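Notes for the structure review
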There are 2 protein chains.
Amino acid sequence: MAEEAAVRAQADTVRRLKQDKADPDEIAKEVAKLLEMKAQLGTDEGKHKFVLKTPKGTRDFGPKEMAIRERAFKAIISCFKRHGAEVIDTPVFELKETLTGKYGEDSKLIYDLKDQGGELLSLRYDLTVPFARYLAMNKITNIKRYHIAKVYRRDNPAMTRGRYREFYQCDFDIAGQFDPMIPDAECLKIVHEILSDLQLGDFVIKVNDRRILDGMFAVCGVPDSKFRTICSSVDKLDKVPWDEVRSEMVGEKGLSPEAADRIGEYVQLHGGLELIERLLQDPKLSQNKLAKEGLGDMKLLFEYLTLFGITGKISFDLSLARGLDYYTGVIFEAVLLQQENEHVEEPVSVGSVAGGGRYDGLVGMFDPKGRKVPCVGVSIGIERIFSILEQRLEASEEKIRTTETQVLVASAQKKLLEERLKLVSELWDAGIKAEILYKKNPKLLNQLQYCEDTGIPLVAIVGEQELKDGVVKLRIVATREEVNVRRESLVEEIRIRTSQC
Amino acid sequence: MAEEAAVRAQADTVRRLKQDKADPDEIAKEVAKLLEMKAQLGTDEGKHKFVLKTPKGTRDFGPKEMAIRERAFKAIISCFKRHGAEVIDTPVFELKETLTGKYGEDSKLIYDLKDQGGELLSLRYDLTVPFARYLAMNKITNIKRYHIAKVYRRDNPAMTRGRYREFYQCDFDIAGQFDPMIPDAECLKIVHEILSDLQLGDFVIKVNDRRILDGMFAVCGVPDSKFRTICSSVDKLDKVPWDEVRSEMVGEKGLSPEAADRIGEYVQLHGGLELIERLLQDPKLSQNKLAKEGLGDMKLLFEYLTLFGITGKISFDLSLARGLDYYTGVIFEAVLLQQENEHVEEPVSVGSVAGGGRYDGLVGMFDPKGRKVPCVGVSIGIERIFSILEQRLEASEEKIRTTETQVLVASAQKKLLEERLKLVSELWDAGIKAEILYKKNPKLLNQLQYCEDTGIPLVAIVGEQELKDGVVKLRIVATREEVNVRRESLVEEIRIRTSQC
């Protein structure tokens, strides 16, 4: 049969790739094809041959990782709520056209869904574009919301440094027509609060403005048509030295060497209010309308940040560009600083942990009549923060509980399964967090060991004698103390002994 | 240019489809193609022409819907935690081969990702297969975990009835080698607790066993090779009358009419312990090894459910089949019952809200050596529950708050933005949930109105006189009462006035 020959040929391909130690992705792809061909043939040989893994750039979160994740989320959500935000959620995929033309050079990293008939779809690349689509679709002109969800980028993963293809973003955005820089300042305050609260060590929040950048490009002699692509080059300055960025500008992007050198002088500058004042006097920049507007607003922003008492961690930095196309005003990025006294062998290079900015044109791109809704927002890049928290927890040897069980219902003798089931059911119905071992006749030692392993603080032991006396023996795992408690007082006793207040 | 001609041709296609009022999906697809072609050409005309919507079968959750969603999740999560479950999370997509051969006839509903180089991926169809993959990959043989996440099915959506293409599942599963039916009984207890807790009205949990079904098929004369496909037909009995199911069996699936009629007699049966006893005496079924095993375990299950006190809502139902291939033992499904005294004009037909069963072979399908890990679990179908809760809330006219803000920092006079910023910053730093309006000089009336609209209970008013006196005027929105509070006592005063205990 022709199909069988095709399967054999495909099997050969897989064998060859494995011998050649080819790219695991490539192997996985060919194995998948082989399995599908076999499935159609109705043979199931080799069904255990596939690669047992999560997709490239993704990971599972086990109970321990989840406990850490929940802690970080809790800090972030309580900050967002402290600032009066509502919460929304959007689908994980959008119409492909919704994402088209929003991300500039990064668009190539968008995951598309296969055309299986119906609409063409893509996985969301961030939470900002779906938010803008949501506002336009529902004609909302005024909202302060947060959104915590996974986004998807076909990037080169670097998982030890917390860079994944599937990762969480925690976004807070303020949409609406307001007086200048008040919502922008609040976004920076939020970043400051969250990074302080999570105790991730020292950090700095770099701030710039797209209008200042564009004005700078103009006075440096960059043609209008090259603004966005030169902006993308500047954006690489946090990873790549100036020399390389310069040669990309001149070589690949056809910028004149003189213009590049003028840019090179500006992008070295960073500072605070005094730098803003100096640039407002800069003979070239001060003549540019955009740059002047941007610098004026930057000054106002610094005044508000002074009232918030956070300028110590803010740096006005002309090299900050941000990759995305949709920013129109203030942009910012928070970077963790490597502690100088941390002489660890393999320091985690964590880089940027939060970023954001103003995007006044994005909603208008979705509105049928082009009506604009000014927006500013911040996105917390939580995966890098997880990496640090995980590392720290591992170093601390703190034992983290992954359940909240208050009591194990146990028995010391055999044939008491029914009694254990009855008691645990009573406790569940009273709202007590309780477990039993799923054995007919478990040994007491095994039951106590289970409590030690999982951190359950109490054991409720039923036995023949206790049943006769109408009591339950309550054992405190930490102290090995045992007390008889009347059955009708058991719930109350467990509540008292496990209450945190 | 050839490209421009192609764009024009594509634009014609779109125009024609719109004139013909074609399927919106179809239009959206062609518009997306057109936009991409235009983007490549560098023209942006028609950029506002696209369809502004979420993908078919999906929806956004606005702040109000989120508030309802959070309530339901809270009830479900607290039940899962009460039963001692840990929590895990897995990626939204899996290698395509991970999902291959797990879902039977439903496999056609799986969303695949586009082949953009690298691995072939599919969106998860449920949380059970990723869980089994997780167990095999990490060699875990013993865990009790919950997982709440979105899954994806290219099904025909019926959104008013809560059927979506993207929807949440709330799964609780127990993996491990244990004594029979103890974990199975706990899963049913959990369904009972959650449905009671959410107060969704009367419900029944139907229970059956794949072994009883298979035994029944055998004694009715169904050939082994047709077990799974006949099982799929039986699964339709909750939506389709027996006549139609019978003609599918005989017509499409080539079952003999006699065998179909024999099945027809069995699938009418439902009841409790007495039905189990009767079938254990059934001359044909009792001769079948599988059926006998299944019935024996069903009897044990009912004994445990009696100890839990929940048999009143449990129905052993021979027509329950469940669509998925991977079940091997007990299966169950919870159905809400339409209240007879509810004479609403358009009653929501809600159907199944939870389902699950035992799947002892699934983990072994992933293990390189085929090692099995027995599992049983339950999945709560939360979208239908949301629909009911949303309807109920709308009917009740209860006003639901979507933020937790405790206090609005306001001013009665102009030129006090700086003072408002200073005060709100102090409150944030003290952990108080506080907001300001983003206006330089907002009117007091607008500030008070904002509190009325959003349910903020307190207003902290700063004015020239208050600043001089070192106080803040605290207004209680509900009573319009105003008191002067010394600035250093403000935080404490707000805490006291907004504490829930």
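Residues numbered from 1 in each chain as written. Chains lettered and ligands numbered in written order. Predicted model: local features only at pLDDT ≥ 70, side-chain atom pairs only at ≥ 80, totals over all residues. Heavy atoms only, no water.

Observations concerning the overall build of chain A
Looking only at helices and strands, chain A features 18 helices and 16 strands. Over its C-alpha trace chain A gives a radius of gyration of 30 Å, far above what one expects of a compact globule, namely 23 Å for 501 residues. Residues classed as buried in chain A amount to 56% of the 501 residues present. Element-wise, carbon and sulfur atoms account for 48% of the exposed surface of chain A, whose accessible area totals about 22,000 Å². Side chains of chain A carry 76 positive and 82 negative charges; the gap between the two charge centres is 4 Å. (Helix = DSSP H or I, 4+ residues; strand = E, 2+ residues; numbered from the N terminus. Rg over C-alpha atoms; globule rule 2.2 N^0.38 Å. Buried < 20%, exposed > 50% of the residue type's maximum accessible area, 1.4 Å probe, protein only. Areas by Shrake-Rupley, 256 points an atom, 1.4 Å probe, with all protein chains shown as cover. Lys, Arg positive; Asp, Glu negative; His and termini not counted. Charge placed at Lys NZ, Arg CZ, Asp CG, Glu CD.)

Description of the sheet that holds strand β7 (residues 270-271) of chain A
Residue and element names in this part refer to chain A. Spatially, the nine strands line up as an open sheet ordered β1-β4-β5-β11-β10-β9-β6-β8-β7, and their pairing is mixed. Edge positions in the open sheet fall to β1 (86-87) and β7, since each of these has one partner strand only. In this structure, strand β4 (residues 143-152) lies alongside strand β5 (residues 166-175), joined through ten bridges in antiparallel fashion. Each residue of the ladder has a partner; that of H147, found in β5, is D171. The strands touched by helix α14 (residues 382-396) within the sheet are β5, β9 (330-336), β10 (352-358) and β11 (375-381), with β11 carrying the most contacts at an inclination of about 30°. (Pairing = 2+ DSSP bridges. Contact = heavy atoms within 4.5 Å. Axes fitted to C-alpha atoms, helices over the stretch in contact; angles between N-to-C directions.)

Examining the packing of helix α7 (residues 210-220) of chain B against helix α8 (residues 227-235) of chain B
Residue and element names in this part refer to chain B. Across the interface, α7 lies against α8 with an axial gap of 11 Å and an inter-helix angle of 110°. Considering the angle they form, α7 stands roughly perpendicular to α8. Taking contact as the criterion, the partners of R210, L213, D214, F217 and A218 in α7 are, on α8, F227, R228, I230, C231 and V234. A class-by-class count of the residues in the contact of α7 with α8 yields seven nonpolar, no polar and three charged. (Parallel < 35°, antiparallel > 145°, perpendicular 65-115°, else oblique. Nonpolar A, V, L, I, M, F, W, Y, C, P; charged D, E, K, R; others polar.)

A look at the relation of the copies chain A and chain B
Take chain A, turn it by 180°, move it 0.0 Å along the axis, and it overlays chain B with an RMSD of 0.1 Å. Accordingly, the operation relating the two chain copies is best matched by a two-fold axis. Both copies present the same face, since 100% of the interface residues in chain A are matched by interface residues at the equivalent positions in chain B. (Least-squares fit on C-alpha atoms with pLDDT ≥ 70 in both.)

Considering the confidence of the model for chain A
Residues and elements named next belong to chain A. When pLDDT is averaged along chain A, the result is 91, and 94% of the positions lie at 70 or above. Here residues 43-48 is a poorly scored stretch, pLDDT under 50, and it has eleven contacts once near neighbours within four places are set aside; other chains count. Scored as a whole, the predicted complex attains pTM 0.86, and scored at its interfaces, ipTM 0.86. (pLDDT = per-residue confidence, 0-100.)

Observations concerning the interface of chain A and chain B
With 104 residues of chain A at the interface, the matching set in chain B holds 104 residues. Taken over both partners, the interface formed by chain A and chain B buries close to 9,700 Å², and the fraction arising from carbon and sulfur atoms is 61%. Among the residues of chain A in contact with chain B, E97, W428 and Y438 of chain A are the three that bury the most area, contributing 9% of the side total. Put simply, K150 of chain B and D89 of chain A hold a salt bridge, and the shortest N to O gap is 2.9 Å. Linking chain A with chain B are 44 residue pairs in polar contact (both at pLDDT 80 or more). For the side of chain A that touches chain B, a count of residues per class yields 47 nonpolar, 19 polar and 38 charged. (Buried area = accessible area lost by both parts, 1.4 Å probe. Salt bridge = Lys/Arg side-chain N within 4 Å of Asp/Glu carboxyl O. Polar contact = N/O pair within 3.5 Å; in protein donor to acceptor, adjacent residues only side chain to side chain.)

Things to note about the sheet that holds strand β5 (residues 166-175) of chain B
Residue and element names in this part refer to chain B. On the basis of which strands lie adjacent, the open sheet formed by nine strands has the order β1-β4-β5-β11-β10-β9-β6-β8-β7 and mixed pairing. Since the sheet does not close on itself, it has two edges, and those belong to β1 (86-87) and β7 (270-271), each with one partner. Both β5 and strand β11 (residues 375-381) contribute to a ladder of seven bridges, which runs antiparallel. Paired with C170 across the two strands is I380, which belongs to β11. Where α7 meets the sheet, it contacts β6 (203-209), β8 (314-317) and β9 (330-336), and its direction lies at approximately 60° from that of β6.

Structural notes on the domain arrangement of chain A
One widely used convention gives an interface's size as the accessible area the parts lose upon coming together. In terms of domains, chain A is made up of domain 1 (1-41), domain 2 (63-339 + 346-395) and domain 3 (407-499). Relative to domain 3 of chain A, the C-alpha centre of domain 2 of chain A lies at a distance of 53 Å. (Domains from an automatic or database assignment.)

Overview of the packing of aromatic side chains
Residue and element names in this part refer to chain B. Here the structure, examined in full by the defined rule, presents 28 aromatic pairs over all chains. If you follow R69 out to its NZ or CZ, it ends over the ring of F61, 4.6 Å from the centre. A cation over an aromatic ring shows up here: K313 above the ring of F203, its NZ or CZ 5.2 Å from the ring centre. (Phe/Tyr/Trp six-rings, centres within 6.5 Å; stacked < 30°, edge-to-face > 60°. Lys NZ or Arg CZ within 6 Å of the ring centre and 35° of its normal.)

Considering the state of the cysteines
By the definition in use, this model includes zero disulfides over all chains. For the unlinked cysteine C220 of chain A, the closest cysteine sulfur is that of C231 of chain A, found at 13 Å. Left without a disulfide partner, C375 of chain B is nearest to the cysteine sulfur of C187 of chain B, which lies 10 Å away. (Disulfide = S-S within 2.5 Å.)

Some words on helix α11 (residues 273-280) of chain B
All names here are of chain B. Restricting attention to buried positions, one finds in α11 the residues L275, I276 and L279. The arc that holds every buried residue of α11, seen down its axis, measures 100°, which confines them to one face. Away from the buried face of α11 by more than 90 degrees, exposed residues E274 and R278 are located. Residues of α11 that are buried make contact with α10 (257-266), β7, α12 (289-308) and β8. (Arc of directions from axis to C-beta.)

Notes on unusual backbone geometry
Residues and elements named next belong to chain A. Although it is not a glycine, K139 sits at a positive phi angle of roughly 50°. Topologically, K139 is positioned in the loop between α5 (128-137) and β4. Of note in this structure, M181 is not a glycine but carries a positive phi near 70°. Looking at the secondary structure, you find M181 in the loop between β5 and α6 (182-197). Residue classification places M181 among the buried residues on the basis of a relative accessible area of 4%.

Some points on the nonpolar core
Counting residues in each nonpolar core, the largest one holds 282 residues, and the members touching the most others are I263 of chain A together with I263 of chain B. Each residue touching I263 of chain A, except ones within four places of it in the same chain, is listed here: M216, F217, C220, V222, I230, V234, W242, M249 and L255 of chain A. Judged by nonpolar contacts, the second largest core, of 16 residues, contains F93 of chain A together with L95, Y111 and L123 of chain B. (Core = buried A, V, L, I, M, F, W, Y, C linked by side-chain atoms within 4.5 Å.)

So, the pattern of salt bridges
Tallied over the entire structure, the rule returns 73 salt bridges over all chains. Residues K289 of chain B and E293 of chain B are paired through a salt bridge, measuring 3.3 Å at the closest nitrogen-oxygen approach. In this pair, K289 of chain B and E293 of chain B are both assigned in helix α12, four residues apart and thus about one turn of the helix distant. It is possible to trace a salt-bridge network through shared partners that takes in D209, R211, K289, E293 and D297 of chain A.

Some points on the packing of α8 of chain B against helix α9 (residues 242-252) of chain B
Helices that pack against each other are described as a pair by the angle of their axes relative to one another and the distance between those axes. All names here are of chain B. Two numbers describe how α8 lies on α9: the axes approach to 9 Å, and their chain directions differ by 160°. The orientation of α8 with respect to α9, classified from their angle, is roughly antiparallel. Handedness of the α8/α9 crossing: right-handed. Listed contacts from α9 to I230, S233 and V234 of α8 are V245, E248 and M249. (Left-handed = near helix turned anticlockwise from the far one by under 90°.)

Considering the pairing of strand β15 (residues 471-476) of chain A
Residues and elements named next belong to chain A. Where burial is concerned, most of β15 is hidden: five out of the six residues are buried. Here strand β14 (residues 458-462) pairs with β15 via four bridges, running antiparallel. From the neighbouring strand, L458 faces β15, where its bridge partner is I476. Sheet topology places β15 next to strand β16 (residues 482-486); five bridges connect them, and they run antiparallel. Opposite V471, over in β16, you have R486 as the bridge partner. Adjacent in sequence and paired antiparallel, β15 and β16 are bridged by five residues, among which R480 carries a positive phi angle near 65°.

Re helix α16 (residues 444-454) of chain B
Residues and elements named next belong to chain B. All of the buried residues in α16 are Q447, L448 and C451. With its buried residues spanning 95° around the axis, α16 presents them on a single face. Lining the buried residues of α16 we find β12 (407-411), α15 (417-429), β14 (458-462) and β15 (471-476). Note on α16: the residue one or two positions beyond its end, G455, has a positive phi of about 80°.

Re empty space enclosed by the protein
Inspection of the entire model under this criterion finds four cavities of 30 Å³ or more. Lining the largest cavity, in full, are L113, K114, Q116, G117, G118, E119 and L121 of chain A together with Y111, R154 and R165 of chain B. A per-class count over the lining of the largest cavity returns three nonpolar, three polar and four charged. Contributing to the lining of the second largest cavity are T58, R59, F61, K150, Y164, E166, F167, Y168 and E383 of chain A. Broken down by element, the residue count for the lining of the second largest cavity peaks at three residues, all from β5 of chain A. (1 Å grid on protein atoms, 1.4 Å probe; cavity = no way out; pocket = protein on both sides within 12 Å on 5 of 7 lines; lining within 4 Å. Points joined across faces, edges and corners; volume = space filled by probe spheres on them.)

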